[in-house]
Amino acid sequence: NGRPRPEPVQLPLLAGTQELVAVACPRHRDAAARFLAFLARARLPLRVGIFVPLLLLLLALGAAALGHRRGLEPAVAFFQLLVGLTVSVAAWGYRWAAPAAPARVPFPAHNLFLLGLRNLLWIFRLVGAWWVVRGALGLLPH
């Protein structure tokens, strides 16, 4: 591919009280800013959508460790379904969000820098879709 690569542009970030700068290609900078703005604005529902099912799963795992395994399978399915829906909303909902400057990072910034935004989005999309299917199937009567 002989085409020249576009010069990366800066994306100012705010992670807690720390100011960071990410770089993005000019074509994807706006999408990255919208994604982070959406996550920051929707942080409470997103947290509830992950931590409530996680709490229920932990309770079911504790009960199973004590010999009460009956609720474990539906708890796993419920966890997968709700977390899958939550990350799917995060992976697709940002498209309609307005960008914010600086972009607030509502999760540990190292996740963004280690994985990269595109990879993080694809993980959310693929794992989210898979967990929605698995969770829904797991809640069906056997």
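Residues numbered from 1 in each chain as written. Predicted model: local features only at pLDDT ≥ 70, side-chain atom pairs only at ≥ 80, totals over all residues. Heavy atoms only, no water.

(A) Just helix α2 (residues 43-65), in detail. Helix length check: α2 (23 residues) gives 32 Å between terminal C-alpha atoms against 33 Å at 1.5 Å per residue, within 8%. Within the span of α2, buried status applies to Leu-46, Gly-49, Pro-53, Leu-57, Ala-60 and Ala-64. Each element contacted by the buried residues of α2 is listed here: α1 (29-41) and α3 (72-93). The first or second residue beyond α2 is Gly-67, which carries a positive phi of 100 degrees. (Helix = DSSP H or I, 4+ residues; strand = E, 2+ residues; numbered from the N terminus. Expected span 1.5 Å × (residues − 1). Buried < 20%, exposed > 50% of the residue type's maximum accessible area, 1.4 Å probe, protein only. Contact = heavy atoms within 4.5 Å.)

(B) Spotlight on the side chain of Thr-86. Looking at where Thr-86 falls in the secondary structure, it is placed in helix α3. When its relative accessible area of 11% is taken as the criterion, Thr-86 is described as buried. Residues within four places of Thr-86 in sequence aside, it is in contact with Leu-46, Gly-49 and Ile-50.

(C) Spatial organisation of helix α5 (residues 117-139). Taking 1.5 Å of rise per residue, 23 residues should cover 33 Å, and α5 covers 32 Å from first to last C-alpha, within 8% of that figure. Those residues of α5 that sit buried are Leu-117, Leu-120, Leu-121, Phe-124, Arg-125, Gly-128 and Gly-135. Tucked inside the fold, the buried residues of α5 contact α1, α3 and α4 (109-115).

The analysis is restricted to geometry; functional conclusions fall outside its scope.
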